[in-house]
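# Architecture at a glance
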Amino acid sequence: MLLNNSLVRILNFGNIADLIAARMSTEVKIKTALISVYSKDRIEEIIRLCKTFDIRIYSTGGTYEFIKKLGYDVTPVEDVTSYPSILGGRVKTLHPKIFGGILYRRNDENDLKEIAQYEIPPIDLVLVDLYPFEQTVASTTDEQEIIEKIDIGGISLIRAAAKNYQDVVIVPSVAQYDMLIDILQAGKGATTLEQRKYFAAQAFNVSSDYDTKIFEYFNKSQNIPAFKKSILTSNSLRYGENPHQQASFYGNLNKVFEQLHGKEISYNNLVDIDAAISLIGEFSEPTAVIIKHTNACGIASRTNLKDAWKDALACDPVSAYGGVFIVNRPLDLDTANEINKMFFEVLIAEEYEDQVLDILKSKKNRIILKKKPFSFPGVLFKSLLNGAIEQERDLKSETETDFHKVTTREPSPSEVSDMIFANKIVKHLKSNSIVLVKNKQLTGSGVGQTSRVDALKQAIVKAHDFNLDLKGAVMASDAYFPFADSVEIAFQEGITAVIQPGGSIRDADSIHFCENNNMSMVFTGIRHFKH
């Protein structure tokens, strides 16, 4: 039967109480380690430190072969359990002599007697890297391959070692390797209770995330009503919406954009960046969008980016100050020179032509982002009261085929084009919202109003303030008009066509007014509330 030095000390210790007292110190020297990892990246340095500090290594399967080829002493777990790896590798470490060596309490007299009785070697360090389940789901639809990447032994080792953090160090993923290396070097192979408890917290973080990803995979077909979200990557932000509020972002921003210049991105920046990327995705023509507090205050589509920018800025140059700008074409030199005249917080483009960045970087705090190919998740959620609410993302963008024409006068081709344009914008504005558009340029918007009439009046004031002609413009509403008053006001301003969901018990009043005043109106049947 295999016995290591730690086990011999337990068997031969004359007084178990003395051994318990010796273990009560929070600093514990690591004498044995179990290493079982999927990815072998970067474990050689840890193995080298194990040798330096005389830490005996147990290992399994491919990890054992890897360590052995490196020329280090390593003991296969089969020598401990007297069982081979079975069931095609599904069972390697699931054995009392492994889990007993991890879970026994070093200051418990009965545990120590049983460890000695059953000749179970202590394990002081467990290093695991789980099967890549999430990556496998992303790369294949082969269910058998996905199921085989559900780690059983590794996740069990993580939970066992984390539970017994009083005596055992658990390293649950590659992300913790650097810290382990630093601790081993600084402590000469010993760890403190505080360090072990930190690793235990990280272990349950890793294991709960792993289980959540498995649940999400199975729940795609089962639809069990449970709210489970897990994101391991995070960024601490300077503060939240206001300086007195702490904030963090959970996710991997590197998958969305590359920051080329500027100060640290703030909470409010991120909220506006989200709104900007979401809105610009609606348009295929060269388009410029200006966002302020998540709402578009300027947007235009043209045949070239410079004209799109100029006309977007003309919508509301006052609100554009300090805004978030986004374009859907490579940013050229001419357009960059125009944008450079403005003070802005964030600029987003997919590409920047030569010399453009040299111009834009003239102000050190400007946040300049290079957007990467990116798709928003299909589900939105947020905290509410003592829980959370979840809904599908509003992915519906109406086209002319969705129009139900309710007036005798049908919209002209240019009005149809502007209706589609306006409806895309109103979908992304805070309710109640009204959008006025002419020639694929936002000419006025009313957002976040408690009545639809107030939203329209706000939009008209904006248009007048910046000398934008509303004669021949179209009006879009995120929800139905409860009364005919909005279309009456719109008519007085020269607006000739209206797009709205319809559905009011007084729809006939609005239709009747349009009929009598040569206005065109279409219903879409789709409401676009945004709160």
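Conventions and cut-offs
- Residues numbered from 1 in each chain as written.
- Predicted model: local features only at pLDDT ≥ 70, side-chain atom pairs only at ≥ 80, totals over all residues.
- Heavy atoms only, no water.
- Axes fitted to C-alpha atoms, helices over the stretch in contact; angles between N-to-C directions.
- Helix = DSSP H or I, 4+ residues; strand = E, 2+ residues; numbered from the N terminus.
- Parallel < 35°, antiparallel > 145°, perpendicular 65-115°, else oblique.
- Left-handed = near helix turned anticlockwise from the far one by under 90°.
- Contact = heavy atoms within 4.5 Å.
- Nonpolar A, V, L, I, M, F, W, Y, C, P; charged D, E, K, R; others polar.
- pLDDT = per-residue confidence, 0-100.
- Phe/Tyr/Trp six-rings, centres within 6.5 Å; stacked < 30°, edge-to-face > 60°.
- Buried < 20%, exposed > 50% of the residue type's maximum accessible area, 1.4 Å probe, protein only.
- Pairing = 2+ DSSP bridges.
- Patch = residues over 30% accessible without salt bridge, like charges linked within 9 Å, V, L, I, M, F, W, Y side chains within 5 Å.
- Areas by Shrake-Rupley, 256 points an atom, 1.4 Å probe, with all protein chains shown as cover.
- Salt bridge = Lys/Arg side-chain N within 4 Å of Asp/Glu carboxyl O.
- 1 Å grid on protein atoms, 1.4 Å probe; cavity = no way out; pocket = protein on both sides within 12 Å on 5 of 7 lines; lining within 4 Å.
- Points joined across faces, edges and corners; volume = space filled by probe spheres on them.

In contact at an axis separation of 9 Å, helix H10 (residues 153-163) and helix H12 (residues 193-222) are set at 150 degrees when each is read in the N-to-C sense. Between H10 and H12, the crossing angle belongs to the class labelled roughly antiparallel. Note on packing geometry: the crossing formed by H10 with H12 is left-handed. Across the interface between the two elements, Ile155, Ile158, Arg159, Ala162 and Lys163 from H10 touch Ala200, Ala203, Phe204, Ser207 and Tyr210 from H12. Looking at the contact of H10 with H12 residue by residue, the classes come out as seven nonpolar, one polar and two charged.

Before going further, it helps to examine the confidence of the model for the chain. Summing up the model confidence of the chain, the mean pLDDT is 91 and the portion of residues at 70 or higher is 95%. Considering only residues more than four positions removed or in separate chains, one finds that residues 1-24, a stretch of pLDDT under 50, has 49 contacts.

This part is about the packing of aromatic side chains. Tallied over the full model, the rule gives twelve aromatic pairs. Between Phe133 and Tyr217, the aromatic rings sit 5.9 Å apart at their centres with planes inclined by 85 degrees, giving edge-to-face as the arrangement. Pair noted here: Phe133 is in helix H8 (residues 133-139) and Tyr217 is in helix H12, with a separation of 84 residues, a long-range link. Across the pair, exposure class does not vary: Phe133 and Tyr217 are buried alike.

Burial of strand S23 (residues 520-523) is two-sided: the residues Ser520 and Val522 facing one way and the residues Met521 and Phe523 facing the other way are all buried. Note that strand S18 (residues 404-405) and S23 share two bridges and pair antiparallel. Pairing of His404 across the sheet is with Phe523, part of S23. As paired elements, strand S22 (residues 497-500) and S23 share four bridges and run parallel to each other.

The subject of this paragraph is a nonpolar patch on the surface. On the surface, Leu384, Leu385 and Ile389 cluster together into a nonpolar patch covering about 330 Å² of accessible area. Residue position: Leu385 is located in the loop between strand S16 (379-384) and strand S17 (387-392). Here Leu385 falls in the exposed class, since its relative accessible area comes to 89%.

Turning next to the sheet that holds strand S6 (residues 169-171). Within the open sheet, the five strands sit side by side as S4-S3-S2-S5-S6. Their pairing is parallel. Bordering the open sheet on either side are strand S4 (75-76) and S6, each of which pairs with just one other strand. Pairing geometry for strand S2 (residues 32-37) and strand S5 (residues 125-129), over five bridges, is parallel. When the bridges of S5 are listed, Ser36 appears paired with Val128.

Roughly 490 Å³ of volume is contained in the second largest pocket. Considering the residues around the second largest pocket, the lining is formed by 26 residues, among which Gly89, Arg90, Lys92, Tyr131 and Asp151 are closest to the centre. For the lining of the second largest pocket, the secondary structure elements donating two or more residues are S2, helix H4 (61-69), S5, helix H9 (143-148) and H10. For the lining of the second largest pocket, the residue count by class is nine nonpolar, ten polar and seven charged.

This paragraph deals with the sheet that holds strand S10 (residues 257-261). With mixed pairing, the six strands of this open sheet are ordered in space as S10-S15-S14-S13-S11-S12. One side of each edge strand has no neighbouring strand; the edge strands of this open sheet are S10 and strand S12 (295-301). Between one strand and the next, the sheet's axes are offset by a mean angle of 20 degrees, whatever the strand orientation. In this structure, S10 lies alongside strand S15 (residues 367-371), joined through four bridges in antiparallel fashion. Bridge assignment links His261 to a residue of S15, and that residue is Ile368.

Let us now look at the pattern of salt bridges. Tallied over the full model, the rule gives 21 salt bridges. Put simply, Lys341 and Glu338 hold a salt bridge, and the shortest N to O gap is 3.2 Å. Linked through salt bridges whose partners overlap, the residues forming this network are Glu400, Lys405 and Glu410.

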